[in-house]
Structures are given as structure tokens and as C-alpha cells.
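Take a look at the letters that make up each chain.
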Amino acid sequence: MAARGGRRGSSVGVGAELGQGWRRARGGQGRNRRGHSYGRDWRGVRGQGRPVRSDVCQQKGFRLQFSTQEQGPQICVVGSGPAGFYTTQHLLKHHPRAHVDIYEKQLVPFGLVRFGVAPDHPEVKTARSDRCAFRGNVVVGRDVAVSELQAAYHAVVLSYGAEDHQALEIPGEELPGVFSARAFVGWYNGLPENRELAPDLSCDTAVILGQGNVALDVARILLTSPGHLEKTDITEAALGVLRQSRVKTVWIVGRRGPLQVAFTIKELREMIQLPGTGPMLDPADFLGLQDRIKELPRQRKRLTELLLRTATEKPGAEEAARQASATRTWGLRFFRSPQQVLPSPDGRRVAGIRLAVTRLEGVGEAARAAPTGDTEDLPCGLVLSSVGYKSRPIDPNVPFDPKLGVIPNMEGRVLGVPGLYCSGWVKRGPTGVIATTMTDSFLTGQMLLQDLKAGLLPSGPRPGYAAIEALLSGRGVQPVSFSDWEKLDAEEVSRGKGAGKPREKLLDPQEMLRLLGR
């Protein structure tokens, strides 16, 4: 429990167990993205996105007892998404006396895993640990300065992710009916700041700009039967809008070609097999690729082979029948770059998008798109921009590179600020999948522990949360603990139960605080 995690003056067992809320969402047994099953025999760091086997924890000495006569290092992690929890996992696993406080601006933990993973992908929603306390409803940089955290802890790790989106910077971007994919994902996943988004889905055609996993997630949600979605943890408000949706066609547009798509084979396969839908791929986009496939790295090769088969091979009888009965379609448009969002005649909403036709300069994944001078107009009533996320600076005293959208660092050590570290997207940029973040975060944790062992971090006792709690109290800030979250979790699960859903997410922060008696 979070309350226990913050307590000192007694021996603490470092055992961990799978978070009950996410176990219920999986029905007690599941399978992660690498295909490993998990459930009753798995234990994970509270809130992290990947399970850790309990037998491994015991072999590594993770269930050690220690005396609080000698204080362990007090470490602060800012951000409770995958990067924050993976960093925490590494620190707890490799230092038996470390205590980690995780600060989060939302009232609830899990970050991208709660608000960014598509609701029909629950397998990456896991949780829990001791020696780790959740401090929600605290906005670092506003409620408490990073320098104040540094004074209270032996080390501070910034893992707050990418909270903004890359703008298209084209005319018409401000028209009603144009949204960032980030905001759209936040809307259907229950991110409080996006709960009022209210997209109009009364159009026939939607265009998604970008060809990464987020783009495919959004396309899949737009085209999936509401009957399937109503058994997920998608919000009831979003589900109500999707039930009334008239979207029948989704175009997923990229500036470059099939060899440069950023989505993974798992997401592509799900799109191809999506019930009630059929793919639209132009065989001309794949001319000459057959001869180049053998030169590709394994993952890119498998992905390209699947694209090529889907675009050029005649489907078998069963698949042909499935596609013939499809009522909705999706397609990939290559070599197209957004130039202008076109308004309706009255100028009150989006009516289409003008695309510049491009050609590739260079080869492979490094090839860049160059305009040919030709354009084409694609009619649509909804435009979703999925061209990238970006991080924001968190505090004036923390270095930040606005061009790259990252905190300047060397293997997670923030340049010029001893004792300050970063992990995840704010460290390397918004690239890769959750497994990429796991590796990245473990490396940051490793660097921190190396510095601790080398005597490069403060050696004397630090007050940790006790000092910060006093500051927050004086500023009228009411932190939310993990035990508070468990109350909210139980309420969400209870509300979802009647509808046959794993949970019905609470969307209003004020309602959450009222439920906690604040």
C-alpha cells in the first residue's frame, strides 16, 4: 500500500503483488505483448506496465528484510506512466533499501497505460509494490519546484512523458473537426483534460495523418463495433458518441512509403483482421518491393511481407467472403503530405484535406519525403493528426531542448545537474513501444545506482516525502495516495460491473476528490 510505502521505523518486506484492479480487467489471467502469460503466479511493481515473476524476485533477493536504523536512499520519480514505473522497478529490484515516491499530476496512476493504451488492449495494464508510494494530484513545477524535490531526496528522476502533440502548422488546422490523435485518445480513454472533446462523427470519411501505432489504434476504435467496445474500459461518454458514428471509411496517410511506416506488425494484423472491415491498399505502392524484402531487418521484413500480401495477393475464399460482407473500410495512403485543411462552404467545419504528392529522396528508413509539385484533395469530415507527441519543459531550472523536445542528458543523467535524471519520452523523444521504454528506463535506473555506489549523490539522510508533505500542506495541495486510488479503483470497477465492463472510469477530478471525502 502507498501508506505503508511511506512509513519508516519498521522492517519492510519488499514483496509485491499484482494490482487487483487490473487483474479483474483481465479476468485473472492474461498474456503480455511478448506472449508471456501472467496472472495469479505473477507479481509486478505497483503500477508498472510489465509483470515480474515472483520467483525471479526471490532469486534476486527482492524479498529481503532490512532495518530502518540505517536509512536507504530516498528517490523521487516524477510521472507514473510506464517510464516512471519501470525506473522504479529497476531501483527497487537492485537496491534492497531504496524507497521511491512517485509524483503524478493526475489523481490516478499509470499514465499512458491508463490514458494512452487503446481500451481493447488491456493486456499491458498491470500493477503494485512496497517501498514505493504514490503521490497523486501534485503538479511538479507548479505545486512544488524540482529544486525543492532535490533538496528532499537523494535523487530525482523526471519521467513525465510527452504531454503535448506536434502541430501540423498548415492552414485550416484550427477548423472544427480537426483534432490531435493525442486528444482523441485521451477522450475515449477518460483523460480528465479531454473529457469535453465531443468529436462530431456524423461524417462518412475520416482521415488520420501519420502511420504509427497510435494512428492504427485510433482507426481501429473508429471502425470497431460498439458491441465489442462496450466490454472494454472505454468511457461511457465516448461509447455513446461511437454508437452514433456514421464513419464508414478511414484513410491513414503517410508522407513516405511502405518501407517507412512506424506501426508494428501486431497492430497491422489486428487492423487486417478487424471484423466487419476490409483493407484498401494500392498494389502500385508496392511495385519493386518484393526484390528488396530479403535485405530488410527481420521485423521490417515481416511487416513488409504482410503489407505486400494484403495489397497484392488474392485472398482465400473465407477471407474474400469476409471482405465482401464488410460494411466499413480502411486504407493506407502513401507518399502524401498534408498541405491544407479544406473548409466547408460556410467555413464552419472541415470538409476535406489537400495533400501534396511526395517522392522519396534516399533509401530505407532514413529516406525523406520531397514534394513533387502535384496535389490531391481528399474529402472528409474528420481529421486526426497523429504526427507525433512532444514533451514540455517542467520547471525553469531544468534544462530543456525545445527543438528536440527532450531534457538534455547522457544515458539519463541530466546535463549540468548532478542528482537529476530522466527516463522515457522526455529523455529520448516520443519513439518506440512500451518495451522500448522499459529498456530505456532500466538504463536510467542503472546509471542512478552507479552514481549512488560511486558516492556521487548525497550520502547523509534526506527527509523525503516528510519535507514535501509539509510544503504541499502549506500550499493547500491535497495529495492522493495509492490507498486513495484503490478506493477510486473500487468505485470504477463497481460502476462498470453493472454494464459488464471491467470498469467505468471517473472523469471529473472534483468528483474523485468528493468520493475521497476531500
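Residues numbered from 1 in each chain as written. Predicted model: local features only at pLDDT ≥ 70, side-chain atom pairs only at ≥ 80, totals over all residues. Heavy atoms only, no water.

Student: Summarise empty space enclosed by the protein; cite the residues concerned and give the values.
Tutor: Evaluated as defined, the whole model comprises 2 cavities of 30 Å³ or more. Along the walls of the largest cavity sit His 165, Gln 166, Ala 181, Arg 182, Ser 385, Ser 386, Val 387, Gly 388 and Tyr 389, which together make up its complete lining. Residue composition of the lining of the largest cavity, grouped by class: 3 nonpolar, 5 polar and 1 charged. (1 Å grid on protein atoms, 1.4 Å probe; cavity = no way out; pocket = protein on both sides within 12 Å on 5 of 7 lines; lining within 4 Å. Points joined across faces, edges and corners; volume = space filled by probe spheres on them. Nonpolar A, V, L, I, M, F, W, Y, C, P; charged D, E, K, R; others polar.)

Student: Could you give me a rundown of the UniProt feature "binding site: FAD" (unreviewed entry) in the protein, with the residues and numbers involved?
Tutor: In the numbering used here, UniProt assigns the "binding site: FAD" (unreviewed entry) feature to Ala 83, Glu 104, Leu 112, Val 140, Trp 425, Gly 432, Val 433 and Ile 434. Here Glu 104 is to be found in the loop between strand 6 (99–103) and helix 5 (111–115). On the basis of relative accessible area, Glu 104 is assigned to the buried category, the value being 9%. With residues near it in sequence (within four places) discarded, Glu 104 still touches Gly 79, Ser 80, Phe 134, Arg 135, Gly 136, Asn 137 and Val 138. Separated by 2.8 Å, the side chains of Glu 104 and Ser 80 make a polar contact. When you line up the elements, Gly 432 lands in the loop between helix 14 (425–428) and helix 15 (434–453). (UniProt positions renumbered as here; feature names shortened; annotations may be inferred. Helix = DSSP H or I, 4+ residues; strand = E, 2+ residues; numbered from the N terminus. Buried < 20%, exposed > 50% of the residue type's maximum accessible area, 1.4 Å probe, protein only. Contact = heavy atoms within 4.5 Å. Polar contact = N/O pair within 3.5 Å; in protein donor to acceptor, adjacent residues only side chain to side chain.)

Student: Quick rundown of helix 12 (residues 298–312)? Include the residues and the values.
Tutor: For an α-helix, the turn length of 3.6 residues means that residues three or four places apart are oriented alike. Helix length check: helix 12 (15 residues) gives 21 Å between terminal C-alpha atoms against 21 Å at 1.5 Å per residue, within 8%. Taken residue by residue, helix 12 has Arg 300, Leu 303, Thr 304, Leu 306, Leu 307, Leu 308 and Ala 311 as its buried positions. Where helix 12 is buried, its residues touch helix 11 (265–272) and strand 14 (328–333). (Expected span 1.5 Å × (residues − 1).)

Student: An account of the confidence of the model for the protein is requested, with residue identities and associated values reported.
Tutor: Taken as a whole, the protein shows an average pLDDT of 83; of its residues, 83% reach a score of 70 or greater. Segment residues 1–69: pLDDT under 50, and 170 contacts once partners within four positions in sequence are set aside and those in other chains are kept. Within the model, pLDDT remains below 50 along residues 115–127, and this stretch shows 72 contacts once partners closer than five positions in the same chain are excluded. (pLDDT = per-residue confidence, 0-100.)

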